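Structural overview for review
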Amino acid sequence: MISHLMDKLTHIIGLGLSNSFYPVPGDAIGVGSAFEGWSPRAEDAVYSMLVPLSPPPGHTFQLELNTAGMPQRTFHVCVELLCTCSREHLGQDLLCFLHQPEEELRRKQEPSLLHTLCMGSYLDVEKTARWFCCFVRVAWLLLPQSHHWGFKWQPSRCCCKFQLSKEQQSFIAEVIFGVRRGDSEIFVGSQGTAADAASTTWLETCAVAEAKFLGQVSRQALQDSCHCKCLQLFSHSLLGVGFSSYTLKTVMMHLLSTIPLTRWHRRDFPQCLLEILEFLLCSLQTKRLSRFVIGNQSFPLDISLPSALRLAQPLNLFEHLASHQDAHLKAVPEYNALLHG
């Protein structure tokens, strides 16, 4: 239902943007636990959709690495203008931002993306979120669902988040924006950067590649495979424990790539839980848990990655434990709490 709704919304928004120079939204992609089948509780599920953004005509996006050596890399999305004089000569209704007089551009054409959603020459996350939310507000009223479902905005500075409710049904959806790295399944996304980060900071995310990997696993696994049940149980047990659900998901993906899928049968559920706990304990002891996609040369070849990313040095999700002894001392009792819980 969420996927269908987002398809309709992005279609209407695309039609509304046909004569403008705002980013062009692509088909939304479901990511995260709600779409991967391991949300701890249905009532707490947040349906996350990543909407790819492409540059409008006469523009191009260039990704500039902002920081290196961090657990997750950040980028700036540099917006550059392209010469479109050849389109003018072909009779297309598009004036060249680079070579036409500014007065004529202001009189005959919508402003360029640089003058609407950018900070300097960089695409701004917060401006993009506010812009998209404005269009969602209008597009929602054009859908038949608006007559039957209540719509309520949820606060967020870097994504479009809202709650839909009808009688006893209620769920939360969030739209994250992403710029694709080449033709791969790796994006720089609008969500997850530090609160004090500049609004032009976009976070590299492997969420789409991970969702595709877990989708492949679910299609190839036995019908009563327990791998999602394991993640559900641990995610529910994380309440009050310092480990994130993404940490457990990373452990699970490593195990799914090394343990045959036939060993994830429902009757093996207790043993599978022990395997996860043992892997997590070993990672704590070594203070190292490699992110699953980056630097993983055994990652499925049919899920497209930038070649440099596949061959890169794996990033350590537990870098903070290796760098700060206090963080490691705190993590040990948190593991024990998870174990006994």
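Residues numbered from 1 in each chain as written. Predicted model: local features only at pLDDT ≥ 70, side-chain atom pairs only at ≥ 80, totals over all residues. Heavy atoms only, no water.

1. Digging into the packing of aromatic side chains
In plain terms, the rule: Pairs were defined over the aromatic rings of Phe, Tyr and Trp, the Trp ring being its six-membered one, requiring ring centres within 6.5 Å. Orientation was assigned from the angle between planes: stacked under 30 degrees, edge-to-face over 60, tilted for the rest. Per the convention used, a helix needs a DSSP run of H or I reaching at least four residues, while a strand needs a run of E reaching at least two, with both numbered from the N terminus. Here's how the labels work: a residue is buried when its accessible area is under 20% of the maximum for its type, exposed when over 50%, partly exposed in between, all with a 1.4 Å probe on protein chains only.
One pass over the full model with this rule turns up 15 aromatic pairs. For the ring pair tyrosine 22 and tryptophan 131, a centre distance of 5.5 Å and an interplane angle of 15° mean the geometry is stacked. Taken together, the residues span a long stretch of sequence, with tyrosine 22 in the loop between helix H1 (2-16) and strand S1 (24-25) and tryptophan 131 in helix H5 (residues 125-141) at a distance of 109 residues. The class for tyrosine 22 is partly exposed, based on a relative accessible area of 24%. The exposure class of tryptophan 131 is buried, given its relative accessible area of 7%. Here a set of aromatic residues connected by ring pairs shows up, and it is made of Tyr22, Trp131, Phe132, Phe135 and Phe177.

2. Structural notes on the pattern of salt bridges
Here is the rule: Criterion for a salt bridge: a side-chain nitrogen of Lys or Arg within 4 Å of a carboxyl oxygen of Asp or Glu.
Evaluated as defined, the whole model comprises ten salt bridges. Between arginine 73 and glutamate 204 there is a salt bridge; the shortest N-O distance is 3.0 Å. Residue arginine 73 is found in the loop between strand S4 (59-65) and strand S5 (74-81), and its partner glutamate 204 is found in strand S12 (residues 202-205); the two are separated by 131 residues along the sequence. With a shortest N-O distance of 3.1 Å, lysine 212 and glutamate 185 are connected by a salt bridge. One end of the pair, lysine 212, is in helix H6 (residues 207-220); the other, glutamate 185, is in the loop between strand S10 (169-180) and strand S11 (187-189), and 27 residues separate them in sequence.

3. Description of H6
The criterion, for reference: To estimate the expected span of a helix, subtract one from its residue number and multiply by 1.5 Å.
Under the 1.5 Å per step criterion, the end-to-end length of H6 is 20 Å for 14 residues, consistent within 8% with the ideal 20 Å. Every buried residue of H6 is accounted for by Ala207, Val208, Ala209, Glu210, Ala211, Phe213, Leu214, Gln216 and Val217.

4. Quick notes on the domain arrangement of the protein
Counted only if it meets this: The domain limits used here are those given by an automatic or database domain assignment. In short, buried area is how much 1.4 Å probe accessible area vanishes from two parts on joining, totalled over both. Two N or O atoms form a polar contact when they lie within 3.5 Å of each other; inside protein one atom must be a possible hydrogen donor and the other a possible acceptor, and for residues adjacent in sequence the pair counts only when both atoms belong to side chains.
Taken domain by domain, the protein consists of domain 1 (1-206) and domain 2 (221-339). Between domain 1 and domain 2, the C-alpha centre-to-centre distance is 30 Å. Between domain 1 and domain 2, a total of about 1500 Å² is buried, with carbon and sulfur atoms accounting for 65% of that surface. For lysine 249, the salt bridge identified is with glutamate 36, shortest N-O distance 3.1 Å. In this structure, the connection of domain 1 to domain 2 is made through three residue pairs in polar contact (both at pLDDT 80 or more).

5. Digging into the UniProt feature "domain: Mab-21-like HhH/H2TH-like" (unreviewed entry) in the protein
This is how the line gets drawn: UniProt positions are given in the numbering used here, feature names are shortened, and annotations may be inferred rather than shown by experiment.
UniProt records the feature "domain: Mab-21-like HhH/H2TH-like" (unreviewed entry) at residues 243-294, using the numbering of this structure. Helix makes up 58% of residues 243-294 and strand makes up 0%, while its end C-alpha atoms are separated by 21 Å.

6. Considering the pairing of S5
We count it as follows: Whether two strands pair depends on DSSP finding at least two bridges between them.
For S5, the buried fraction is high: six of the eight residues fall into the buried class. Sheet analysis places S5 next to S12, joined by two bridges and oriented antiparallel. Paired with threonine 74 across the two strands is leucine 203, which belongs to S12.

7. Considering the nonpolar core
Defined as follows: What is meant by a nonpolar core is a set of buried Ala, Val, Leu, Ile, Met, Phe, Trp, Tyr and Cys residues, joined one to another through side-chain atoms within 4.5 Å. In what follows, residue pairs with any heavy atoms lying within 4.5 Å of each other are defined as contacts.
With 44 residues, the main nonpolar core has Phe213, Phe243 and Trp264 as its most contacted residues. At the level of elements, H6, helix H7 (227-237), helix H8 (245-256), helix H9 (269-286) and helix H12 (325-340) are the ones that each hand at least two residues to this core. Domain assignment of the residues forming this core places at least three in each of domain 1 (1-206) and domain 2 (221-339). Apart from the residues lying within four places of it in its own chain, the contact partners of phenylalanine 213 are Met253, Leu256, Ser257, Phe292, Phe299, Pro300 and Ile303. Ile2, Val125, Ala129 and Val136 belong to the second largest nonpolar core, which has 39 residues in total.

8. What about the packing of H1 against H5?
As a reminder, the rule being used: Axes here mean lines fitted to C-alpha atoms, for a helix over just the part in contact, with angles spanning 0 to 180 degrees between N-to-C directions. Should an angle lie under 35 degrees it is considered roughly parallel, over 145 roughly antiparallel, and from 65 to 115 roughly perpendicular; all remaining angles are considered oblique. In the scheme used here, Gly and all other residues not listed as nonpolar or charged are polar, with Ala, Val, Leu, Ile, Met, Phe, Trp, Tyr, Cys and Pro taken as nonpolar and Asp, Glu, Lys and Arg as charged.
Where H1 contacts H5, the two axes come as close as 9 Å, and the packing angle between them is 105°. Between H1 and H5, the crossing angle belongs to the class labelled roughly perpendicular. Contact residues: H1 offers Leu5, Leu9, Thr10, Ile12 and Ile13, while H5 offers Phe132, Phe135, Val136, Ala139 and Trp140. Along the lines of polarity and charge, the residues of the contact of H1 with H5 split into nine nonpolar, one polar and no charged.

9. Observations concerning the environment of glycine 178
Counting through the fold element by element, glycine 178 comes out in strand S10. Separated by 27 residues in the primary sequence, glycine 178 and threonine 205 place their C-alpha atoms 8.7 Å from one another. If we skip the residues at most four places from it in the chain, glycine 178 touches Leu50, Val51, Pro52, Leu53, Phe187, Val188 and Gly189.

10. Description of H5
Taking 1.5 Å of rise per residue, the 17 residues of H5 would be expected to cover 24 Å, and the 25 Å separating its terminal C-alpha atoms lies within 8% of that figure. Of all the residues in H5, the buried ones are Val125, Thr128, Ala129, Trp131, Phe132, Cys133, Val136, Ala139 and Trp140. Where H5 starts, the residue carrying a side-chain oxygen 3.0 Å from the main-chain nitrogen of glutamate 126 turns out to be aspartate 124.

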